[in-house]
Amino acid sequence: MKSPFSKKTMPIRYKAFSFNFRKEAFTIKYHYFLCEQTGEEFTDEHLDEININQVYNQYREKYGVPFPQEIAAIREKYSVSASRMSEILGLGANTYRLYESGDMPSVANGRLILSIDNTQAFIEQVEASAHLLAEKDRQRLIAHARKVKERENEDFWNQLFEEKIFADQKPSQYNGYRIPDTAKIAQVISFFAQQGIDLYKTKLNKLLFYADFLMYKRSAYSITGITYKAIPYGPVPAEYDKLYIKLSDDGEINMETIQFDNGHYGDKIISRVKVLELLSNDEKEILAEVTKTFKNSNTQHVVEISHEEPAWIDNQNDRKLISYQDYAFDLKAL
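Residues numbered from 1 in each chain as written. Predicted model: local features only at pLDDT ≥ 70, side-chain atom pairs only at ≥ 80, totals over all residues. Heavy atoms only, no water.

**What to know about the overall build of the chain**
Right, on to step 1. If you tally the helices and strands in the chain, you get 15 helices and seven strands.
Right, on to step 2. Over its C-alpha atoms, taken along the principal directions, the chain stretches across nearly 70 × 60 × 35 Å.
Right, on to step 3. By sequence separation, contacts in the chain at least 24 residues apart represent 63% of the contacts at least 6 residues apart.
Right, on to step 4. Total accessible area on the chain is roughly 16,900 Å²; 47% of this is exposed by carbon and sulfur atoms. (Helix = DSSP H or I, 4+ residues; strand = E, 2+ residues; numbered from the N terminus. Contact = heavy atoms within 4.5 Å. Areas by Shrake-Rupley, 256 points an atom, 1.4 Å probe, with all protein chains shown as cover.)

This is the structure we're talking about:
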């Protein structure tokens, strides 16, 4: 953004700032432009969005209010429209749709929505709304909910394995306030593969880190919901070996052991995914920027670059999990 006074381009800055929301103060990294000529601070629509997202993230995490992604996922698993879900829960006609679009529910409404993630609780809400529903609709909704429960029971071991992969199943500062999504991770890997990058495990771990943390830097949300930790080779998905085994078992990737000319071995990830429908245009732009930065860098160079990141420096001694909120805005390589 250019200063309206000096007409010079102003870099983005940030500072600690206490922001009041619903009569409570939340400390965020307030993003702004500074005109060096006048000392005046400015924001634009993009920076305003980053700032308010930080506030909303902290509020939702503190009070257990579901995130838009969770709100949409709960509705979609029952194959119900947003307006019908509002009706079932006794909300205003467009309320559920607004919550999915980012409006902040009250704590009470948020917990009500979370409660119906349990199929029996959803059935009870349907029964309580029987006077508003045609009998045929009531029976269909209940029958579908029971089928959802059956699928969840059948998928128990898969869910248990995912809990071992992802330290945070719910949105938090350690997964970039996103629900972990293996299908989306597979598409991110496919994007890199389609750009002609040889995806050896160590390098891929860094590409995923930079993609997620750059997205958070630009939006206050990650792409994949992966939790990262610091190890000697740099920041990596906290359970990357289990993650790649899961993706391989699901048929999303193949893993090959390659012997190099020096006699050493490396694990190469080969994507089997072709379609990228889960990635938004903004996410693809982030991935393209990461690709441009690292495509021609060998694994050792990418590791060395990652060792310059405060996210790694501050956490590597104890192999700690890395907070997106604490470190994404300080990303150095991008």
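Moving on from the coordinates now.
**Things to note about the packing of helix α9 (residues 182-194) against helix α10 (residues 201-219)**
Right, on to step 1. It is at 11 Å that the axes of α9 and α10 come closest, and there the two elements cross at 110 degrees. Taken together, the axes of α9 and α10 lie roughly perpendicular to each other. With respect to the hand of their crossing, α9 and α10 are arranged in right-handed fashion. On the side of α9, the interface is formed by Val-188, Ile-189 and Phe-192, while α10 contributes Leu-204, Leu-207, Leu-208 and Ala-211. (Axes fitted to C-alpha atoms, helices over the stretch in contact; angles between N-to-C directions. Parallel < 35°, antiparallel > 145°, perpendicular 65-115°, else oblique. Left-handed = near helix turned anticlockwise from the far one by under 90°.)

**A few points about the packing of aromatic side chains**
Right, on to step 1. Applying the stated criterion across every chain, the model contains 21 aromatic pairs.
Right, on to step 2. Seen in terms of ring centroids, Phe-21 and Tyr-59 are 5.1 Å apart; in terms of plane orientation they differ by 90 degrees. Their pairing is edge-to-face. Linking Phe-21 in strand β1 (residues 12-21) with Tyr-59 in helix α1 (residues 45-63), this pair joins segments that are 38 residues apart in sequence.
Right, on to step 3. For the ring pair Phe-156 and Trp-157, a centre distance of 5.1 Å and an interplane angle of 75 degrees mean the geometry is edge-to-face.
Right, on to step 4. By relative accessible area, Phe-156 is classed as partly exposed at 43%.
Right, on to step 5. Through a chain of ring-to-ring contacts, the aromatic side chains of Tyr-14, Phe-67, Tyr-177, Phe-209, Tyr-210, Phe-213, Tyr-216, Tyr-228, Phe-294, Tyr-324 and Phe-329 assemble into a single cluster.
Right, on to step 6. Here the guanidinium or amino end of Lys-15 rests over the ring plane of Tyr-32, the centre of that ring lying 5.0 Å away.
Right, on to step 7. Of note, Arg-60 hangs over the ring of Phe-67, and the distance from its end group to the ring centre comes to 5.6 Å. (Phe/Tyr/Trp six-rings, centres within 6.5 Å; stacked < 30°, edge-to-face > 60°. Buried < 20%, exposed > 50% of the residue type's maximum accessible area, 1.4 Å probe, protein only. Lys NZ or Arg CZ within 6 Å of the ring centre and 35° of its normal.)

**A few points about the pattern of salt bridges**
Right, on to step 1. Inspection of every chain in the model, using the stated rule, returns 20 salt bridges.
Right, on to step 2. Among the salt bridges present, the one from Asp-117 reaches Lys-77, with a minimum N-O distance of 2.9 Å. Pair noted here: Asp-117 is in the loop between α5 (107-115) and α6 (119-128) and Lys-77 is in helix α2 (residues 68-77), with a separation of 40 residues, a long-range link.
Right, on to step 3. Here Glu-289 makes a salt bridge to Arg-218, at a shortest N to O gap of 3.0 Å. Placement of the pair is Glu-289 in helix α12 (residues 281-294) and Arg-218 in helix α10, with a sequence separation of 71 residues. (Salt bridge = Lys/Arg side-chain N within 4 Å of Asp/Glu carboxyl O.)

**Quick notes on the side chain of Lys-201**
Right, on to step 1. With respect to the helices and strands, the residue Lys-201 is situated in helix α10.
Right, on to step 2. Classification of Lys-201 as buried rests on a relative accessible area of 13%.
Right, on to step 3. When sequence neighbours within four positions are dropped, the list of residues in contact with Lys-201 reads Tyr-240, Asp-241, Tyr-244 and Asp-267.

**Digging into helix α13 (residues 299-306)**
Structural remark: α-helix, 3.6 residues per turn; residues separated by three or four positions point the same way.
Right, on to step 1. Here α13 has its buried residues at Val-302, Val-303 and Ser-306. The arc enclosing the buried residues of α13, seen along the axis, measures out at 100 degrees, which places them on a common side.
Right, on to step 2. Summarising the contacts, the buried residues of α13 are in contact with α10, β5 (234-237), α12 and α14 (310-313).
Right, on to step 3. The N-capping residue of α13, defined by a side-chain oxygen 3.3 Å from the backbone nitrogen of Gln-300, is Asn-298. (Arc of directions from axis to C-beta. Polar contact = N/O pair within 3.5 Å; in protein donor to acceptor, adjacent residues only side chain to side chain.)

**Some details on the pairing of β1**
Working note: regular strand, side chains alternate between the two faces of the sheet.
Right, on to step 1. Bridging between β1 and strand β2 (residues 24-34) involves ten bridges; their strand directions are antiparallel. The partner of Ala-16 across the bridge, within β2, is Lys-29.
Right, on to step 2. Where β1 folds back on β2, the antiparallel hairpin that results is connected by two residues, among which Arg-22 adopts a positive phi of roughly 50 degrees. (Pairing = 2+ DSSP bridges.)

**Things to note about the sheet that holds strand β3 (residues 41-42)**
Right, on to step 1. Spatial ordering of the open sheet is given by β1-β2-β3, a layout of three strands whose pairing is antiparallel. In this open sheet, the two edge strands, each paired with only one partner strand, are β1 and β3.

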